[in-house]
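Tertiary structure, described
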Amino acid sequence: MRGLIICICLLIMSCHSIDRPKKPKNLISKDKMVEVIIDMSLLLSAKGTNKMILEARGVLPQDYVYKKHNIDSVQFALSNEYYAFDIDEYETIYTKVNDSLAVLKKVYKKLEDEELKAKRKRDSVKRATKMLDTTKIDRKTNKTKRPRPQLTKPLSKKPDTLR
């Protein structure tokens with residue numbers, strides 16, 4: 001009986017309504033919130049791969065994003081809390097963030113592929129040039145002659161012990 005009363009009391013207390021946070025005076029717009037979250041995601045992922053480089057240059061990702069968007073951490077936290085209360089609204093924001101990050105990923109993947117292709121082309125031209133430099137054409141016979149490899153060290157003059 002006593003356990004039942006405790007359970008009922010806990011049930012009543014757990015049904016306490018949670019009020020929506022008050023709309024902050026300087027609420028960040030949804031579109032700007034998307035941009036801020038995108039920038040934070042990019043910088044935090046970069047921080048994970050090159051943390052020492054960022055720290056050596058004095059870049060603190062969150063501070064950089066706040067300065068870039070002319071906001072502060074309190075404004076971001078209050079706006080985030082306000083939007084997070086409505087799950088549908090928050091999901092809309094994060095859907096836009098994910099879509100934007102997916103587009104950026106495709107753009108950077110394409111750039112990476114183009115750079116790799118250009119590097120391969122430069123490397124193949126370098127190899128071909130090197131081959132042309134080492135290949136000589138005998139003007140009399142019009143045949144290519146490859147130079148004999150030069151010895152970097154003289155042959156040792158040790159006596160042959162097998163004789």
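Residues numbered from 1 in each chain as written. Predicted model: local features only at pLDDT ≥ 70, side-chain atom pairs only at ≥ 80, totals over all residues. Heavy atoms only, no water.

1. Quick word on helix 5 (residues 73-85)
Selection criterion: Here a helix means four or more residues in a row that DSSP labels H or I, a strand means two or more in a row labelled E, and each is numbered from the N terminus. One less than the number of residues in a helix, times 1.5 Å, gives the span that helix is expected to have. Burial status follows relative accessibility: with a 1.4 Å probe on protein chains alone, a residue under 20% of its type maximum counts as buried, one over 50% as exposed, and anything between as partly exposed. Relevant arc is that of directions from the helix axis to the C-beta atoms, nothing else. Residues adjacent in sequence count toward polar contacts only when both atoms are side-chain atoms; beyond that, a polar contact is any pair of N or O atoms within 3.5 Å, and within protein one must be able to donate a hydrogen and the other to accept it.
Taking 1.5 Å of rise per residue, 13 residues should cover 18 Å, and helix 5 covers 18 Å from first to last C-alpha, within 8% of that figure. Within helix 5, the full set of buried residues consists of Q75, F76, S79, Y82 and Y83. Projected onto a plane normal to the axis of helix 5, the buried residues spread over an arc of 130° and lie on a single side. N-cap assignment for helix 5: the residue whose side-chain oxygen lies 3.2 Å from the backbone N of V74 is D72.

2. Comments concerning the nonpolar core
For soluble globular proteins, the rule of thumb is that nonpolar side chains tend to be buried together. Rules: Joining through side-chain atoms within 4.5 Å is the link that ties buried Ala, Val, Leu, Ile, Met, Phe, Trp, Tyr and Cys residues into a set, and such a set is a nonpolar core. The contact rule is simple, with two residues in contact once any of their heavy atoms fall within 4.5 Å.
Residues M33 and F76 are the most contacted members of the largest nonpolar core, which totals 17 residues. Those elements that provide at least two residues to this core are helix 2 (30-49), helix 4 (61-68), helix 5 and helix 6 (87-134). Residue contributions to this core peak at seven residues, all from helix 2. Sequence-distant contacts of F76, defined by excluding residues within four places in its chain, comprise I28, M33, V36, I37, M40, Y66 and I71.

3. Side note on the pattern of salt bridges
The condition that has to hold: A carboxyl oxygen of Asp or Glu within 4 Å of a side-chain nitrogen of Lys or Arg is what we treat as a salt bridge.
What the rule picks out here adds up to six salt bridges. The salt bridge partner of E89 is K30, with a shortest N-O separation of 3.3 Å. Remark: K30 occurs in helix 2 and E89 occurs in helix 6; sequence separation between them is 59 residues. Residue E89 is classed as buried on the basis of its relative accessible area of 16%. The partner of K68 in a salt bridge is D39, and the shortest N-O contact between them spans 3.0 Å. Taken together, the residues span a long stretch of sequence, with K68 in helix 4 and D39 in helix 2 at a distance of 29 residues. It is possible to trace a salt-bridge network through shared partners that takes in K109, E112 and D113.

4. What to know about the packing of aromatic side chains
What counts, and what does not: Stacked, tilted and edge-to-face are the three classes applied to pairs of Phe, Tyr and Trp rings, where Trp contributes its six-membered ring and a pair requires centres within 6.5 Å; stacked means planes under 30 degrees apart, edge-to-face means over 60, and tilted covers the rest.
The final tally for this structure, using the stated rule, is three aromatic pairs. Aromatic side chains Y66 and F76 sit 6.2 Å apart centroid to centroid with 45° between the ring planes, which places their arrangement in the tilted category. Note that Y66 is positioned in helix 4 and F76 in helix 5, a separation of ten residues in sequence. The class for Y66 is buried, based on a relative accessible area of 12%. Exposure remark for F76: the relative accessible area of 12% places this residue in the buried category.

5. Comments concerning a nonpolar patch on the surface
Spelled out, the test is: What makes a patch is a set of residues exposed beyond 30% relative accessible area and free of salt bridges, joined within 9 Å when like-charged and within 5 Å when nonpolar (Val, Leu, Ile, Met, Phe, Trp, Tyr). Using a 1.4 Å probe, the Shrake-Rupley method yields the accessible areas, and only the shown protein chains count as cover for residues.
Judged by side-chain polarity, V103, V107, Y108 and L111 come together as a nonpolar surface patch covering roughly 380 Å² of accessible area. Examined against the element boundaries, V107 turns out to sit in helix 6. Since its relative accessible area comes to 41%, V107 is described here as partly exposed.

6. Considerations on the environment of V34
Tracing the chain through its elements places V34 in helix 2. Overall, V34 belongs to the buried group, its relative accessible area being 8%. Here the alpha-carbon distance between V34 and S100, two residues 66 residues apart in the chain, equals 8.9 Å. Ignoring any residue separated from it by four or fewer positions in sequence, one finds V34 in contact with I93, K96 and V97.

7. With respect to the side chain of Q75
As for its position among the elements, Q75 is in helix 5. You can call Q75 buried: its relative accessible area is 13%. Not counting chain neighbours up to four residues away, the residues in contact with Q75 comprise N26, I28 and N70.

Structural measurements only, silent on function.
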